[in-house]
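Chain by chain, the residues:
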Amino acid sequence: MRFTADDVNLDRVLSRLSHLAGIGATAAGGITRHTFSPEHVQATRDAANWMIEAGLDAFVDQYGNLLAHRAGTEAAEDRVLSGSHLDSVPNGGNFDGVLGVLAPLEALTLLQEKGLRTRRPLGLVSFIEEEGARFQGLLGSALAVGQIPDDEIADIRDAEGNRYLDLVATSDFGLPRRHVDWTRGLHAFLELHIEQGKRLEAAGIPIGLVSSIAGPTFLRVTFTGQADHAGATEWKDRRDSLLAAAMAIVALRDMAIREFEGRAHVTVGALKVSPNVTNVIAGETVFNIDYRSANDVTRKAMNNRIGEILAESAASQRIDYEFRELHRAPPVETAAHLRKALENGASAAGLQCMPLVSWAAHDAMNMARVTSSGMLFVPCRDGRSHTPEEYVSPKDIASGVAVLANALLELADQD
């Protein structure tokens, strides 16, 4: 059997979206649900209750991630897992992450209601702390795949000094807690997400097949010149760190557009100037660079070009510079057979699809460390995300659920 959008119980999905939108609702129309907050715990409990109502076995793992399990006809087979997250950024949208939890829940509920069995077991997950608003981004999936050493886990704290380990131990989700070995027993992971961009909407296509997830690298650059009187210092005597930074920022953007269009993005979003006085030439300027690439070859080429631009900009103003890497996540190419399963799922549902790079990070990146990982996107209006204006149409929600259900069925029954 294959599903179309008409098979999806859209009223059920929309009702659940509306219910979760009320948990942590802000006056501006968005939501604030930080990991382990009362709002996050309540949303997790309610989602778990819907999973239990659907006949799924729901529980929480040792890291605080919510899971649900649907048995296959061959119990020993590796399971096919799908999910996303229920936490949010401050005053975030009502669809980011949440739709990626409710879509596989609806898909598994449809299988239950139609009495369809699969050879492999199916699973559903809501990871904690995807957004990083309390601790750090992608924390739940990073913990699951063993990406963080034990001594570093013990040091994870929020801005108020609360330890992650204390909060996960004391948060009451009202569910059984089970130890899960995430490195075994997985056949595939699929994540449905809103696009957070305008490409699908502009093309009039309802489904995006994510070809790769761009890995973000963060750099901190320090340009050190010389603070001097803004009026009395001649041009030839100036060592202006802010001017050098401005030149570098413009050059970085031009480089990304001319040399890496469609393959990489670069942004400077943080700047600190010292002494930061109107009539003093900036002696030191510190800025952060965020650059993301669709594949590792592009990442290495872009890294080299960034180094050249920083050197050229610093030399032009006769200043010193240094930079260091704050964070690096390598880009992840999604599994070809998962892209094919999603493409088949779209075809079976009578829907068009197109390949897309995900320029935002997702839990699917981390899951690629332990299993085949894939993603599908649905359009969001005007590309808006992380804002109360975030919106996905009911039609596109139903389309996404149908494609996901078809792909899960295919993966759960294939050899």
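This text gives an overview of the structure that appears in the document.

Procedures and definitions
Residues numbered from 1 in each chain as written. Predicted model: local features only at pLDDT ≥ 70, side-chain atom pairs only at ≥ 80, totals over all residues. Heavy atoms only, no water. Helix = DSSP H or I, 4+ residues; strand = E, 2+ residues; numbered from the N terminus. Rg over C-alpha atoms; globule rule 2.2 N^0.38 Å. Contact = heavy atoms within 4.5 Å. Areas by Shrake-Rupley, 256 points an atom, 1.4 Å probe, with all protein chains shown as cover. Buried < 20%, exposed > 50% of the residue type's maximum accessible area, 1.4 Å probe, protein only. Pairing = 2+ DSSP bridges. Phe/Tyr/Trp six-rings, centres within 6.5 Å; stacked < 30°, edge-to-face > 60°. Lys NZ or Arg CZ within 6 Å of the ring centre and 35° of its normal. Axes fitted to C-alpha atoms, helices over the stretch in contact; angles between N-to-C directions. Expected span 1.5 Å × (residues − 1). Polar contact = N/O pair within 3.5 Å; in protein donor to acceptor, adjacent residues only side chain to side chain. Salt bridge = Lys/Arg side-chain N within 4 Å of Asp/Glu carboxyl O. Patch = residues over 30% accessible without salt bridge, like charges linked within 9 Å, V, L, I, M, F, W, Y side chains within 5 Å. Lys, Arg positive; Asp, Glu negative; His and termini not counted. Charge placed at Lys NZ, Arg CZ, Asp CG, Glu CD.

A count of helical and extended segments in the protein gives 12 helices and 13 strands. Its C-alpha atoms give the protein a radius of gyration of 23 Å, near enough to 22 Å, the size a compact globule of 415 residues would have. Pairs at least 24 residues apart make up 80% of the contacts formed inside the protein by residues separated by at least 6 positions. About 17300 Å² of surface is accessible on the protein, with carbon and sulfur atoms providing 48% of the total.

What follows concerns the pairing of strand S9 (residues 284–293). The buried fraction of S9 amounts to 8 of the 10 residues, a majority that puts the element mostly inside the structure. By the bridge criterion, 10 bridges tie strand S7 (residues 215–224) to S9 in an arrangement that is antiparallel. Of the residues in S9, the one forming a bridge with Pro 216 is Arg 292. Bridging between strand S8 (residues 264–274) and S9 involves 10 bridges; their strand directions are antiparallel. Bridge pairing in S9 links Ala 264 to Ser 293.

Here the focus is the packing of aromatic side chains. The tally for this structure, following the rule as stated, stands at 9 aromatic pairs. Here a set of aromatic residues connected by ring pairs shows up, and it is made of Phe 36, Phe 135, Tyr 164 and Phe 173. Cation over ring: Arg 238 sits above Trp 235, and NZ or CZ is 4.5 Å from the ring centre.

A few words on the sheet that holds strand S10 (residues 320–328). Strand order in this open sheet of 4 strands is S8-S9-S7-S10, and the pairing throughout is antiparallel. The open sheet has two edge strands, S8 and S10, and neither has a second partner. Along the sheet, successive strands turn relative to each other by an average axial angle of 20°, direction set aside. Of the strands in this sheet, S7, S8 and S9 touch helix H8 (residues 241–260), which is tilted by about 175° from S8.

Compared with the 22 Å implied by 1.5 Å per residue over 16 residues, the 22 Å span of helix H2 (residues 38–53) between its first and last C-alpha is a close match. Within H2, burial applies to His 40, Val 41, Ala 43, Thr 44, Asp 46, Ala 47, Ala 48, Trp 50 and Met 51. In this structure, the buried residues of H2 make contact with helix H1 (10–21), strand S1 (57–60), strand S2 (66–70), helix H3 (98–113) and strand S4 (122–127). Immediately downstream of H2, the backbone of Gly 55 shows phi near 90°, a positive value.

Structurally, Ser 316 is set in helix H9 (residues 296–316). Residue class for Ser 316 comes out partly exposed when judged on its relative accessible area of 38%. In the structure, Ser 316 is positioned 64 residues away from Leu 252 in sequence and 15 Å away in space, judged by C-alpha atoms. A polar contact of 3.4 Å, which involves the side chain of Ser 316, links it to the side chain of Gln 317.

Our focus in this paragraph is the pattern of salt bridges. Scanning the model with the defined rule gives 18 salt bridges in all. Here Arg 299 ties to Asp 296 by a salt bridge, and the two come within 2.9 Å at their closest N and O atoms. In this pair, Arg 299 and Asp 296 are both assigned in helix H9, 3 residues apart and thus about one turn of the helix distant. Glu 389 is the salt-bridge partner of Arg 384, the closest N and O atoms lying 3.6 Å from each other. On the accessibility criterion, Arg 384 (37% relative accessible area) is partly exposed. Among the ionic contacts, a cluster of salt bridges with common partners joins Arg 12, Glu 106 and Glu 113.

On the surface, Asp 150, Asp 151, Glu 152 and Asp 155 cluster together into a patch of negative charge. For Asp 150, the position within the fold is in helix H5 (residues 150–154). Overall, the relative accessible area of 64% leaves Asp 150 in the exposed class.

Let's shift gears to the side chain of Thr 371. Inspection of the secondary structure puts Thr 371 in the loop between helix H11 (363–367) and strand S13 (372–378). Among the polar contacts listed, one links the side chain of Thr 371 to the backbone nitrogen of Ala 188, at a separation of 3.3 Å. With residues near it in sequence (within four places) discarded, Thr 371 still touches Leu 186, His 187, Ala 188 and Phe 189.

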